[in-house]
Amino acid sequence: MALSPRQIEERRTRQARIVSGTLSVYRSKGIEGVTMDEIAKASGFGKATLYHYFPSKEEVIRTILEDGWKKLWLEVSAVTLSGQSSRQKLFNILKVLSATVQQNPDLYKFLYKVPQIYPIVKSPAWESYQRRIYTRIESILKEGITKGDFMNIAPGILMKAIGGIFHGLLLFGENQSPVHDEDLEKLMNQFIS
């Protein structure tokens, strides 16, 4: 039996509440505190409803990772159009990532930290989106180095520098004003030009 549009929307709304509740628990109690009881409580559902949508906390976590990395991939791929210079492509990626960090720091922390401390949630689905993002950035860096847009340094080192910048934004940039284009331009000039 197919679901009606109203049922599909209700399902999405409930799943979004569960995801939001999970991130709330993660923010306050860390990954150790993320239990089905806590997720249900934070989501405003009973455990039976929670289990109807997700059979385990690992599935909730995997879903957050898959949806989060997929969303990032779609945003990154959308801003790296082929007609742009490598510098503009990288600038656009930095802009998207900055907005993501500042708009939803809990999700960003979750995406980057949970797989390191909770390896049971490894999944080809979310890892493929993560790999696509990293591969896209690395190819842009290689292209920029070849064309002289960026300093001639190993792309892997530049990737680590960019990663460090965003982890810095994550740890120190909360509750600050948004990162502006001028800030990103200064960053690019200092780190990669």
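Conventions and cut-offs
Residues numbered from 1 in each chain as written. Predicted model: local features only at pLDDT ≥ 70, side-chain atom pairs only at ≥ 80, totals over all residues. Heavy atoms only, no water. Helix = DSSP H or I, 4+ residues; strand = E, 2+ residues; numbered from the N terminus. Buried < 20%, exposed > 50% of the residue type's maximum accessible area, 1.4 Å probe, protein only. Contact = heavy atoms within 4.5 Å. Areas by Shrake-Rupley, 256 points an atom, 1.4 Å probe, with all protein chains shown as cover. Salt bridge = Lys/Arg side-chain N within 4 Å of Asp/Glu carboxyl O. Expected span 1.5 Å × (residues − 1). Bend = angle between axes of the 7 residues up to and from the residue. Core = buried A, V, L, I, M, F, W, Y, C linked by side-chain atoms within 4.5 Å. pLDDT = per-residue confidence, 0-100. Phe/Tyr/Trp six-rings, centres within 6.5 Å; stacked < 30°, edge-to-face > 60°.

S.K.: Just to check I follow, could you spell out the overall build of the protein for this structure?
M.R.: From N to C terminus, the protein includes 9 helices and 0 strands. Along the protein, helices (α) and strands (β) appear in the sequence α-α-α-α-α-α-α-α-α when read from the amino end. When burial is assessed residue by residue, the protein has 41% of its 193 residues classed as buried. In the protein, 70% of the contacts between residues at least 6 apart in sequence involve partners at least 24 apart. Summed over all atoms, the accessible surface of the protein reaches about 10500 Å², with 54% contributed by carbon and sulfur.

S.K.: Teacher, can you tell me more about the environment of Leu 94 here?
M.R.: Looking at where Leu 94 falls in the secondary structure, it is placed in helix H5 (residues 86-103). Using a relative accessible area of 3% as the deciding quantity, one classes Leu 94 as buried. Separated by 18 residues in sequence, Leu 94 and Val 76 place their C-alpha atoms 9.0 Å apart.

S.K.: Looking at this model, I keep getting lost on the pattern of salt bridges. Mind explaining?
M.R.: Summed over the entire model, instances satisfying the criterion amount to 11 salt bridges. Here Glu 143 and Lys 147 are joined by a salt bridge, their closest N and O atoms 3.6 Å apart. A residue pair is termed a helical-turn pair when its members lie 3 or 4 positions apart in one helix, as Glu 143 and Lys 147 do in helix H7 (residues 124-147) at 4 residues. For Glu 143, a relative accessible area of 23% translates into the label partly exposed. On the accessibility criterion, Lys 147 (57% relative accessible area) is exposed.

S.K.: Which parts of the structure should I look at to understand the environment of Val 96?
M.R.: Among the secondary structure elements, Val 96 is positioned in helix H5. Each C-alpha atom, one on Val 96 and one on Val 76, is 6.8 Å from the other, the two residues being 20 residues apart in sequence.

S.K.: I keep staring at helix H6 (residues 105-117) and nothing clicks. Help me out?
M.R.: A rise of 1.5 Å per residue sets the reference length of H6, with its 13 residues, at 18 Å; its end C-alpha atoms lie 18 Å apart and thus fit the reference within 8%. Most pronounced at Leu 111, the bend in H6 amounts to some 30°, and the proline Pro 115 follows within four residues. With 10 of its 13 residues buried, H6 lies for the most part within the structure. Residues Pro 105, Asp 106, Leu 107, Tyr 108, Lys 109, Phe 110, Leu 111, Tyr 112, Val 114 and Pro 115 constitute the buried set of H6.

S.K.: Just checking my understanding: could you explain the nonpolar core for this structure?
M.R.: Grouped burial of nonpolar side chains is what soluble globular proteins tend to show. Ranked by internal contacts, the top residues of the largest apolar core, which has 48 residues, are Trp 69 and Phe 110. Listed by contribution, the elements that provide at least two residues to this core are helix H1 (5-29), helix H2 (36-43), helix H3 (47-53), helix H4 (57-79), H5, H6, H7 and helix H8 (155-172). Per-element tally for this core: the top contributor is H4, with 8 residues. Once residues within four sequence positions are removed from consideration, Trp 69 is found in contact with Leu 111, Tyr 112, Trp 126, Tyr 129, Gln 130, Ile 133 and Tyr 134.

S.K.: Before we go on, may I ask you to explain H4 in this structure?
M.R.: In an α-helix, one full turn covers 3.6 residues, which means residues spaced three or four apart are oriented alike. With 23 residues, H4 extends 33 Å between its outermost C-alpha atoms, agreeing within 8% with the 33 Å of an ideal straight helix rising 1.5 Å per residue. Restricting attention to buried positions, one finds in H4 the residues Lys 57, Val 60, Ile 61, Arg 62, Ile 64, Leu 65, Gly 68, Trp 69, Leu 72, Trp 73 and Val 76.

S.K.: Would you mind showing me how to read the confidence of the model for the protein here?
M.R.: A low pLDDT score tells you not to read the predicted coordinates there in detail. On average, the protein scores 85 in pLDDT, and the residues at 70 or more come to 89%. Taken element by element, the protein is modelled with least confidence in H8, mean pLDDT 70, and with most confidence in H2, mean pLDDT 96.

S.K.: I keep staring at the packing of aromatic side chains and nothing clicks. Help me out?
M.R.: Here a ring pair, both rings aromatic, is described through the centre-centre distance and the interplanar angle of the planes. Considering all chains together, one arrives at 4 aromatic pairs under this definition. Look at Trp 69 and Tyr 112: their rings are 5.0 Å apart centre to centre, the planes differ by 65°, and that puts the pair in the edge-to-face class. Pair noted here: Trp 69 is in helix H4 and Tyr 112 is in helix H6, with a separation of 43 residues, a long-range link. Residues Trp 69 and Tyr 112 agree in their burial class; the two are buried. Their ring planes at 45° and their centres at 4.4 Å tell us that Tyr 108 and Tyr 112 sit as a pair that is tilted.

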